[in-house]
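Fold and contact review
This is what each chain is made of:
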Amino acid sequence: MEFASEIKHESLSKIARNDGHGEHSPYFDGWKAYDQNPFHPTQNPDGVIQMGLAENQLCFDLIEEWIKNNPTASICTSDGVGKFKDVAIFQDYHGLLEFRQAVAKFMGRVRHGKSTFDPNRIVMSGGATGASETLIFCLADPGDAFLVPSPVLSRIESAYTKAKEANINIKGVILTNPSNPLGITLSRETLTSLLSFTSEKNLHMVCDEIYSATVFNSPAFMSISEVMQETECNPNLVHIIYSLSKDMGLPGFRVGIIYSYNDQVVQCARKMSSFGLVSSQSQHLLASMLSDEVFIEKFLEESPRRLAKRHGHFVKGLKQANIHCLEGNAGLFLWMDLRHLMKEPTFDGEMKLWRVIIEDVKLNVSPGSSFHCPEPGFFRVCFANMDDHTVEVALKRIREFVSKRSENADDKKLLKKNRWQNTNLRLSFTSSKCDESLMSPHQRTSPHSPVPHSPLVRART
């Protein structure tokens, strides 16, 4: 039996046999802890609260109300079944025209009409992860690299120079705006500088803008599509990743979008999109929803208002526990400073603290090391994926934990010493290399939403 098992294992590909999925990481350990003991207000009030999931659940009532009032939008209702055959039969990988038109219009609406989008440049994919992978396949070869930001102060020119000195072929910059995990929007000056830099170096600019409608405070969101209009650049090098997972709170629909200003990239990505299309049923429903201007106007006004209210309440609750956060204005998460709660100012100290938070406090939060933060003690905590009662339970647990931990004299000294020093975190850039070799199981997960690395394109820092 052992021999047969070994033969079977060896017959698989190196990708199938490697341990590079990232499952053995703090992010997935937190998920496992939650899955094994999920919090429920009545059935399991001592369970783990999921605060590692960047999901917007604050406006489901608006969407549910719209669905009830628009039964013809679904082919699974008696009012909409007349469209069943048209939607159920084969659709090519271009996607439904009305869906692409609705998405293009919605993207422009989110950007306050300052940018317009061509439906013929909309390429579908199975979520933003699939869209990102497809786009990178179009732009890079094995061994090429992209500069990816991490949440600290530095200069992109330095990172680029170091990569070139190491004989790494840099193909572009991958940027998330609004930032994950910082929860801030990038300024016009920053985006202009980055776009000028990539154009000067003939590098691709890949902008992940999946949080663009989650901005709840000033400054307003500035899309790379708007910056392009006032910056001398090569449009063939600019590409946008978009999704309805964060802005609309619909990750289960798996709607990912590639919008490229490069004709060849659009053509190539569209051919590759057949590996991960959005279902025609989802396209049909969302085309109707996104085309309802009255609903979309109401949603885009109400969602930021609710996010601002929840964000403010959570920040206030953390301050009461003597926990400070980076001042954010967007996203579905906070960047917490827990340095004063670590026994030692190291990444081992961060992981020990994280284990206590998971196992004792029973909160699943994401350690900064999951985002390649070079300084230990920072954590991302999501605040929009739970109801008001769960928020209060989470804050109560945090206050009790901090109070108990601070009773120790040594902790009081650390509390005074490690007070929040830097409220102006910025983005630095490191290179992520696309490699055919297998990723070490000890590597940290990707800085873009700590999801597993693609089994097809490896990111190596």
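This text goes with the structure placed above it.
The numbers attached to residues start from 1 for each chain and follow its sequence in the written order. Reporting of local features is limited, given that this is a predicted model, to residues whose pLDDT is at least 70; pairs of side-chain atoms are given and counted only at 80 or more, and all residues count toward the totals for whole chains, interfaces and linings. The basis for the side-chain values is all heavy atoms of the structure; hydrogens and waters are excluded.

1. Focus: the overall build of the chain
Let me state the cut-off plainly: In DSSP terms, a helix is any run of H or I states spanning at least four residues, a strand is any run of E spanning at least two, and both are numbered starting from the N terminus. Contacts between residues were defined by any pair of non-hydrogen atoms, one from each residue, lying within 4.5 Å. The protein chains shown are the only cover counted for residues, whose accessible areas, like all others here, come from Shrake-Rupley with a 1.4 Å probe.
Helix and strand content of the chain: 16 helices and 14 strands. In the chain, the proportion of contacts linking residues at least 24 apart, taken out of those at least 6 apart, comes to 78%. Looking at the chain as shown, the accessible area adds up to about 21600 Å², and 51% of this sits on carbon and sulfur atoms.

2. Focus: the packing of helix 13 (residues 293-320) against helix 15 (residues 388-405)
Rules: Comment: axis = line fitted to C-alpha atoms, over the contacting stretch for helices; angle = value between 0 and 180 degrees taken between N-to-C directions. Convention used here: angles under 35 degrees read as roughly parallel, angles over 145 as roughly antiparallel, angles from 65 to 115 as roughly perpendicular, and any remaining angle as oblique. For any helix crossing, the convention is left-handed if the near helix is rotated counterclockwise from the far helix by under a right angle, and right-handed if that rotation is clockwise. Think of it as three bins: nonpolar holds Ala, Val, Leu, Ile, Met, Phe, Trp, Tyr, Cys and Pro, charged holds Asp, Glu, Lys and Arg, and polar takes everything else, Gly as well.
Relative to each other, helix 13 and helix 15 sit at 20°, their axes nearing to 9 Å. By the angle between their axes, helix 13 is roughly parallel relative to helix 15. The handedness of the crossing between helix 13 and helix 15 is right-handed. Each of R310, H313, F314, G317, L318 and Q320 in helix 13 lies in contact with helix 15, whose residues at this interface are D388, V391, E392, L395, I398 and R399. Grouping the constituent residues of the contact of helix 13 with helix 15 by class yields 5 nonpolar, 3 polar and 4 charged.

3. Brief notes about the pairing of strand 5 (residues 204-208)
Where a strand is regular, its side chains alternate between the two sheet faces. Going by this rule: The classification of residues rests on relative accessible area computed with a 1.4 Å probe and restricted to protein chains. Under 20% of the type maximum is buried, over 50% is exposed, and intermediate values are partly exposed. One bridge is not enough; two strands pair if DSSP finds at least two bridges between them.
In terms of burial, strand 5 is a largely internal element, 5 of the 5 residues being buried. Side chains H204, V206 and D208 of strand 5 all project onto a buried face; the interleaved residues M205 and C207 project onto the opposite face, where all are buried too. The pairing of strand 4 (residues 169-176) with strand 5 spans 5 bridges and is classified as parallel. Following the sheet pairing, V173 is matched in strand 5 by M205. Relative to strand 6 (residues 238-243), strand 5 runs parallel, the two being bridged by 4 bridges. Residue pairing in the sheet places C207 in a bridge with I240 of strand 6.

4. What about the environment of E209?
Under the convention used in this document: In protein, a polar contact requires one atom able to donate a hydrogen and another able to accept it; more generally it is a pair of N or O atoms within 3.5 Å, and residues adjacent in sequence count only if both atoms are side-chain atoms.
In this fold, E209 is placed in the loop between strand 5 and helix 10 (224-228). Judged by its relative accessible area of 1%, E209 is buried. In sequence terms E209 and P178 are 31 residues apart; their C-alpha atoms lie 6.6 Å from each other. Polar side-chain contacts of E209 include one of 3.0 Å to the backbone nitrogen of I224.

5. So, unusual backbone geometry
The amide bond that connects N177 to the next residue, P178, takes the cis arrangement and shows omega of -5°. Within the fold, P178 resides in the loop between strand 4 and helix 9 (188-200). A cis amide bond links S218 with the next residue in sequence, P219, at an omega value of 0°. Although it is not a glycine, H112 sits at a positive phi angle of roughly 60°. Mapped onto the secondary structure, H112 falls in the loop between helix 6 (97-110) and strand 2 (122-126). Positive phi outside glycine occurs at N202, with the angle close to 60°. Among the secondary structure elements, N202 is positioned in the loop between helix 9 and strand 5.

Shape descriptors only; they carry no functional weight alone.
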